[in-house]
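Overview (structure and organization)
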Amino acid sequence: MALTERIAAPLPATAAPSSRPSWRWALGLVVPVALALGWEAAVALGWVNGRLLPPPSRVLATLWGLALSGELIVHVLATLWRVALGFVFGVVAGTVLGALTGYAPLARAMLDPMVQALRSIPSIAWVPLFILWFGIFETSKVTLIATGVFFPIYLALSDAILSVDRKLVEVGRIHRLSGPELVWRILLPAALPSYVTALRAGLGLGWMFVVAAEFMGASEGLGYLLVDGQMTGAAPVIMASILCFAVLGKVTDRLLGALATPFLRWQDGFGTRR
Amino acid sequence: MLSVQDLSKRYPTGTLALTGMDLTVEAGEILAIVGGSGCGKSTLLRLVAGLETPTTGSVVLDGTPVRAPRAEIGLVFQEPRLLPWLTVRQNVGFGLRELPEAERRRRVDEVLARVGLADFADAWPRDLSGGMAQRVALARALVARPRVLLLDEPFSALDALTRYDLQDHLLQLWEYDRPTMVLVTHDIEEALVLADRIIVLQPRPGRIQAAFAPGLSRPRDRTDPALEAWKRRLLGELDLSFKSRRTGEEQFPAAAI
Ligand SMILES: Nc1ncnc2c1ncn2[C@@H]1O[C@H](COP(=O)(O)OP(=O)(O)O)[C@@H](O)[C@H]1O
Ligand SMILES: [Mg+2]
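Please read these numbers as outputs of a predicted model, since none were measured by experiment.

Details of the overall build of chain A
- A tally of regular secondary structure across chain A gives 12 helices and zero strands.
- The linear arrangement of helices and strands in chain A, starting from the amino end, is α-α-α-α-α-α-α-α-α-α-α-α.
- Within chain A, the proportion of its 274 residues that are buried is 38%.
- Summarising the internal contacts of chain A: among those between residues at least 6 apart in sequence, 72% fall at separations of at least 24.
- Of the roughly 16100 Å² that chain A leaves accessible, carbon and sulfur atoms contribute 73%.
- Distance between charge centres in chain A, computed from 20 positive and 14 negative side chains, equals 8 Å.

Points about the sheet that holds strand β1 (residues 2–10) of chain B
- Pairing is antiparallel across the open sheet formed by four strands, whose spatial order is β2-β1-β4-β5 (chain B). At either end of the open sheet lies a strand with only one pairing partner, and these are β2 (16–25) and β5 (64–65) of chain B.

Some thoughts on the pattern of salt bridges
Residue and element names in this part refer to chain B.
- A full pass over the atoms with the stated rule returns 31 salt bridges over all chains.
- A salt bridge links Asp 109 to Arg 89; the nearest nitrogen and oxygen atoms lie 3.1 Å apart. Taken together, the residues Asp 109 in helix α3 (residues 101–114) and Arg 89 in helix α2 (residues 88–92) connect sequence positions 20 residues apart.
- Arg 89 sits in the buried class, given a relative accessible area of 16%.
- Ionic pairing is found between Glu 101 and Arg 104, a salt bridge with its closest N-O pair at 2.6 Å. Taken as a pair, Glu 101 and Arg 104 lie in helix α3 at a separation of three residues, close to a single helical turn.

Observations regarding the side chain of Glu52(B)
All names here are of chain B.
- Within the element layout of this structure, Glu 52 appears in the loop between α1 (41–49) and β4 (56–61).
- Looking at Glu 52, the relative accessible area reads 18%, which means it is buried.
- A distance of 3.0 Å separates polar atoms of two side chains, one belonging to Glu 52 and the other to Arg 46.
- Those residues in contact with Glu 52 that sit more than four places away from it in its chain are Lys 9, Tyr 11, Arg 46 and Leu 47.

The rules behind the values
- The numbers attached to residues start from 1 for each chain and follow its sequence in the written order.
- Chain letters and ligand numbers both follow the written order, the letters beginning at A and the numbers at 1.
- Since the coordinates come from a predicted model, pLDDT governs what is reported: local features require at least 70, and pairs of side-chain atoms require 80 or more to be given and counted, while whole-chain, interface and lining totals use all residues.
- Side-chain calculation: all heavy atoms of the structure are included, whereas hydrogens and water are not.
- Helix and strand assignments come from DSSP, with helices taken as H or I runs of at least 4 residues and strands as E runs of at least 2, each series counted from the N terminus.
- For the exposure calls, accessible area comes from a 1.4 Å probe over protein chains only, and a residue counts as buried if that area is under 20% of its type's maximum, exposed if over 50%, partly exposed in between.
- The contact definition used throughout considers only heavy atoms, calling two residues in contact when any of these lie within 4.5 Å.
- Values of accessible area rely on a 1.4 Å probe in the Shrake-Rupley scheme; residue burial ignores everything except the protein chains shown.
- For the purpose of charge, His is not counted, nor are the chain termini; Lys and Arg are scored as positive and Asp and Glu as negative.
- The atoms used to mark charge sites are NZ of Lys, CZ of Arg, CG of Asp and CD of Glu.
- At least two bridges found by DSSP between two strands is the condition for calling them paired.
- Salt bridge criterion: a side-chain nitrogen from Lys or Arg within 4 Å of a carboxyl oxygen from Asp or Glu.
- We call two N or O atoms a polar contact when they sit within 3.5 Å, provided that within protein one can donate a hydrogen and the other can accept it, with sequence-adjacent residues counted only if both atoms are side-chain atoms.

As structure tokens, this is what we get:
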């Protein structure tokens, strides 16, 4: 009697978690909003110098002004375009070479030592050479960004393929997969979680390198806005630009994550299952 | 007919895993291979499957030598080895890439129904129990309608009840289109319940110690006294195989096959 009741009792836990995240995201806002308000108050009360440390209201006003004049969108698009191009080239090169060196021992023996050596060069050190080769315009900028994006993707994919479970590779062999089929149907899917992490790291580096690229001479772009702000001593412009980088970096990272999620639904790790 | 002639395998590490193996399996026959761990059972299956190349000798299926994996030869490993990024249906259909989509789906769903997992076609491997996952692995091997099905201790990781269930189930599947089966196991009862013929291997290097054809009628009952008697006899044989491993010498000549 008691036993059947217990078995027949409905499971209470299943519905609860879905109602949770509705307010949870707001928790992440508490600290930054408090800091911004405190900062605003500190400037208003004259505790800190508002010229070098402009309060959030001034930064937002500057941003608004830039947006109204149509300048902001030009800079944002210029920077986005460079990051996008550099990212795509870096990803393609990193993926092809990473898959090749991960799969083929001969390719690994021939290419990996060289790539590892190149990796130990700080990427910014390439700037003078790239300018010499490609001029100071778009090509050298995109090349620099692609260089930054390339390495984490190459490394992660190559390693992830090397460490794919031999037992799964055997499943491919027993089904008579050809080399490219093995790469496409077993090695790449198995490496996908590490690959996605690497893509996000690569995108982060892309945003880092676009600043360096735009520092080396640009007439538009958020990096240009930074330099311009420094030249004219306009701290609010610098901070507005930084704010744009933060928002764009976060949004593009989230976008990449969201694009990858459907391909990673099968994962069974801590935190990947709701 | 599957035949193995003078088959031996020495791994690059120097281990002689298998030596001078001769055996023949008739079409539709169920052969069990028993022996302690390390006596080359997996090596034998991998050679027959074409996953390893023999050091000497050959494997011949219906007149043609097996040198690489073939569609007519299916292999089920000890672990299910499902691809975690594919659903159950996609896993089962993994090897059917030449077939048109509709035909593939029909074949996959038909096999899934036969292994009793029609309702789990869209599940992810992570959501399956051990027994269910091994059924999917079985379905993946069966969907290609192999003439030879090799099974490497397929149920040894499962609990006893699930194991009994899957043994009975395997027989039902076998009766459907009667593939030749070679079943590696270290469970004597499993061998007696399933097989027509049983070969006992002895280790270091792996070779045939004895072969038996118990001649039990089907369907078999695990508590049948005749089966129990065979069990005692085979246990004695295995004990011998362990003794010869300990002393490193052959105490009795291997029985004729
Ligand atoms: N890939 C391999 N490389 C080297 N030695 C191996 C390899 N696979 C198996 N062996 C050795 O061959 C012998 C037989 O192994 P195996 O066929 O796996 O035996 P069983 O399946 O009966 O346990 C063992 O001594 C094992 O260590
Ligand atoms: Mg084994």
